[in-house]
Amino acid sequence: MLMNMVFFCVTEIIKNYNNMGQIIEDPRLGLPSASSMDIFARCEGAFQLIKSLGLVKKENDAMRSGTVIHKALETHDYEGLNKSQVITADRIAESEAKIVQEYGLESCYSEREVRYWYEDPIIGKMYSGQPDVVYFKEDGHVVSINYKTGWGELPPVEESMQIMSELVLVYVNNRNKRKINKMTGILLAPNAPNYKRQDLSCSVEEIEAISESLDKAVGAAITNSNPTYTKGQIQCKYCPAKPACPAHKESFQQTLAVIEPYYTEMLSEKAVEKIDGMNPLDRSIMYENIGVMQDILKDCEAKLKELAEKKEVHGYIIKEVNGKRKITDETKAKEIAVDNGLFHCLKVDLGSLEGEEEEKLEKALTDAGILERGKSKRMTKVKEPKPKKVKNEATT
């Protein structure tokens, strides 16, 4: 059964991934790129696994929006951008203007949207990257900037293999043409939650060390016929081959061996049926938390049973409370959030906002008729009334 599930899962992930949108022309020539370096430099087996599964990169709405914004910034032409895209482009342009002023880049030679290649004398072309803009100062300081137009969280710049590999690419392609003695990579992601500009400065010696490390990592990813697979939060987050990954399957099987013999005893028949239909990766994640779930269920089981049978449980009542809020029109919700100046919340739950921001956005979404709020029942402990303090009467 397990092997059938794995095969089904791999088949589905390939089908879903390949049906996301139109195939985009690949200027990367099917080789690793800086934008995917957070996966390939950290996990040797990811590149060949993705390639062997035929996971062709397709264009989705977020990618199309990012491409449009990047083009507008390159050409300084905002025609065709919607309101949200204009705001994102403006914020990036304003941030870049501050960088130019801060680093004294006003009169520098610059290159925009140039794809650089890293070539090995034996292997040939290994990987490429395309920084959004690179400034070359006459004193040898190079500043490379990468725009991120999405709304998701990003790793710190000092952990970003994309920024590091782009610095390496700029260096190896310009070291014989221009003076370079210091490099700074900057990540501009104004829509990311809790955004703060991140600069990474490196000496030439540090860049050469990073270059050597990437040469080994990417070389192994391209050529090793028996690669190792390394699990990790950063590289696994967006890897499309996770359900077929041996490292994840091994973890899943280990957890399954411990949990599965008794998980049916603690869950309803309907829940067990639903779990059996999950893909191995999702089941593995669930099983990792199931021990905690079991402890909670044991603590609550008796009280919940008595409440379900309408019996009184001393100290507890069933209280109807507001349930989860659900946005029914994501596109319209984004426009409303932008109109209300809440750029950072477009991909964030309403619950992550506080005070006036939350009230403001909730009211706007409710008025627009695109916010639903259900009701749910919760077992609530009755608060015992505090005894009144009795003042001591003064004695005469």
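Residues numbered from 1 in each chain as written. Predicted model: local features only at pLDDT ≥ 70, side-chain atom pairs only at ≥ 80, totals over all residues. Heavy atoms only, no water.

### A few points about the nonpolar core
Core analysis: the largest hydrophobic core is formed by 28 residues, its most contacted members being Y127, V168 and M183. Those elements that provide at least two residues to this core are β2 (116-120), β3 (124-129), β4 (133-136), α6 (161-174), β6 (182-188), β7 (198-203) and α7 (204-223). With nine residues, the top contributor of residues to this core is α6. Setting aside residues no more than four positions away along its own chain, V168 makes contact with Y118, Y127, I207, I210, S211 and L214. Of all hydrophobic cores here, the second largest spans 18 residues; its members include L81, V100, V133 and V143. (Core = buried A, V, L, I, M, F, W, Y, C linked by side-chain atoms within 4.5 Å. Buried < 20%, exposed > 50% of the residue type's maximum accessible area, 1.4 Å probe, protein only. Helix = DSSP H or I, 4+ residues; strand = E, 2+ residues; numbered from the N terminus. Contact = heavy atoms within 4.5 Å.)

### Concerning the packing of aromatic side chains
Two descriptors summarise a pair of aromatic rings, namely the distance from one centre to the other and the angle between the planes of the rings. Applying the stated criterion across every chain yields a total of three aromatic pairs. Geometrically, the ring pair formed by F40 and F47 is edge-to-face, given 5.4 Å between the ring centres and 85° between the ring planes. F47 sits in the buried class, given a relative accessible area of 7%. Where Y109 meets F136, the ring centres are 5.9 Å apart and the plane angle is 35°; that geometry is what we call tilted. Of this pair, Y109 sits in strand β1 (residues 109-112) while F136 sits in strand β4, and the two are 27 residues apart along the sequence. The class for F136 is buried, based on a relative accessible area of 6%. Here the basic side chain of K125 rests over the ring of W117, its NZ or CZ set 4.8 Å away from the ring centre. (Phe/Tyr/Trp six-rings, centres within 6.5 Å; stacked < 30°, edge-to-face > 60°. Lys NZ or Arg CZ within 6 Å of the ring centre and 35° of its normal.)

### Side note on unusual backbone geometry
The phi dihedral of H76 falls on the positive side, at around 60°, and the residue is not glycine. In this model, E113 sits at a positive phi of 55°, which is unusual for a non-glycine residue. Checked against the element boundaries, E113 lands in the loop between β1 and β2.

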